[in-house]
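# Residue-level structure breakdown
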Amino acid sequence: MKSLRDLYKIGKGPSSSHTIGPERAARKFLERAPEADRFTVILYGSLSKTGIGHGTDRVLKETLGPDRTEIVFSAEDPADLPHPNTMDFIAYKGETELLRMRVMSVGGGDIVIEGEPEAEADDVYPESSFAEITQFCRWRYITLPEYVELNEGPEIWDFLKTIWNTMRKEIQDGLSATGILPGGLNVSRKAKLLYERTHLLDIPQVRELQLVCAYAFAAAEQNADNGTVVTAPTCGSCGVLPAVLLYMQNKYSLSDDKIARALGVAGIFGNLIKHNASISGAECGCQAEIGTASAMAAGALVALRGGEGEQIGHAVAMALKNLMGLVCDPVAGLVEVPCVKRNVIGAVNAVSAADMALAGIESRIPVDEVIDAMGEVGRRMPVEFRETALGGLAATPTGERLKRELTAKREK
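Residues numbered from 1 in each chain as written. Predicted model: local features only at pLDDT ≥ 70, side-chain atom pairs only at ≥ 80, totals over all residues. Heavy atoms only, no water.

### Quick word on the overall build of the protein chain
- Secondary structure summary: the protein chain contains 16 helices and seven strands in total.
- With the principal axes as the frame, the protein chain shows a C-alpha extent of 65 × 50 × 35 Å.
- For the protein chain, the proportion of its 412 residues judged to be buried stands at 57%.
- Contacts in the protein chain between residues at least 24 apart in sequence constitute 77% of all its contacts with a sequence separation of at least 6.
- Surface exposure of the protein chain reaches about 17,200 Å², of which carbon and sulfur atoms provide 51%.
- Side chains of the protein chain give 44 positive and 55 negative charges; the mean places of these two sets differ by 5 Å. (Helix = DSSP H or I, 4+ residues; strand = E, 2+ residues; numbered from the N terminus. Buried < 20%, exposed > 50% of the residue type's maximum accessible area, 1.4 Å probe, protein only. Contact = heavy atoms within 4.5 Å. Areas by Shrake-Rupley, 256 points an atom, 1.4 Å probe, with all protein chains shown as cover. Lys, Arg positive; Asp, Glu negative; His and termini not counted. Charge placed at Lys NZ, Arg CZ, Asp CG, Glu CD.)

### Looking at the packing of aromatic side chains
- For the structure shown, the criterion picks out seven aromatic pairs.
- Relative to Tyr147, the ring of Phe136 lies with its centre 5.9 Å away and its plane at 65°, an arrangement referred to as edge-to-face. Here Phe136 is found in helix α4 (residues 130-140), whereas its partner Tyr147 is found in helix α5 (residues 144-152), with eleven residues between them in sequence. Neither Phe136 nor Tyr147 differs from the other in exposure class; each is buried.
- Geometry around Tyr92 places Arg38 over its ring, the cationic atom sitting 4.1 Å from the centre.
- One Lys or Arg, Arg261, reaches over the ring of Trp157 and ends 4.3 Å from the middle of that ring. (Phe/Tyr/Trp six-rings, centres within 6.5 Å; stacked < 30°, edge-to-face > 60°. Lys NZ or Arg CZ within 6 Å of the ring centre and 35° of its normal.)

### Concerning α4
- Those residues of α4 that fall on the buried side of the exposure criterion are Phe130, Ile133, Thr134, Phe136 and Cys137. All buried residues of α4 project into a common sector of 165° when viewed along the axis, lining one side. α4 presents Gln135 and Trp139 as exposed residues on the side facing more than 90 degrees away from its buried surface.
- Lining the buried residues of α4 we find α5, α10 (256-276), α13 (309-322) and α15 (367-380).
- Directly after α4, the chain includes Tyr141, whose backbone phi takes a positive value near 55°. (Arc of directions from axis to C-beta.)

In structure tokens:
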């Protein structure tokens, strides 16, 4: 498996696969065709169906040049489409075509260029299942954070502390912001309201739960507002892991070093799911994004509370099972409805799964098999439920009406 540096990325929202990935692809294409005077980018699959709502056209024009870039949203996908998030880049000088490049945005901000070997770093982790990792750790008498350091080197903790500082800031910024999210659905920010209401609650457990909810709202709203976030494992699911970690840090006065080690544990499971299933909503639905984020958060929580390897695995398995089958159905193609609130549910689910695991409750299905099952469910999921805004809530009468109203606004 790859380094945690390939999992946690800092970038602009609202979507790692629809903004961060396309921006990286556009920069590479620009480097290869510096003499071009105009560009055409053809978007297919999920990029075509939800690209406007996710800001794909905006980021491509910003990168390639707004006055010389044409974005084509293909109504039909070619039979040989290699991935739901596929783009064709074409460079021209005058009427002469200079270069053509097909790119797949495969999730988490990663891209693959057709016909070229994947420009990925070498594997850092020899093991590719939690069973193998557990066996290795037992053999070496080491913990999961020690396993991370053994493979990544001690410098990984400075990287993860930088990641944590960015996560914490995205929550802080979200808690202080008010107003309407920019997508056009007239969705108002809720994080500040929830956060300020916590002091009115007399029941400590309810107050603490609402804090977690406020933190998740804050980060997810920052993402929807094109703010700077961390892919954990994606932009669309960026609020889950930071929410539970900030709650734990504030409640127990935990050091940034301890939070970094929890991020290391979470990252192991994010990598396992990315390697053995998917973290892409366009490939496997929202279970691959919010489900993975919730599983990562559950594992991190158990580690922070003194749980050991098997307990951590049970928490991850239960969190992912609870969200298996969750579809990706963004209304009007925006990362607002229901995406923001699903970050909240992912965080709450993580807390519950961690509590169960620490109480001795086990998952009857091992975590590796849960991950495999999630991947299979995602691959069998109809395309309407995989980030195309063609099914689920996006296809309800209200969802369709909101899309029509938003389209009419854009055309004025």
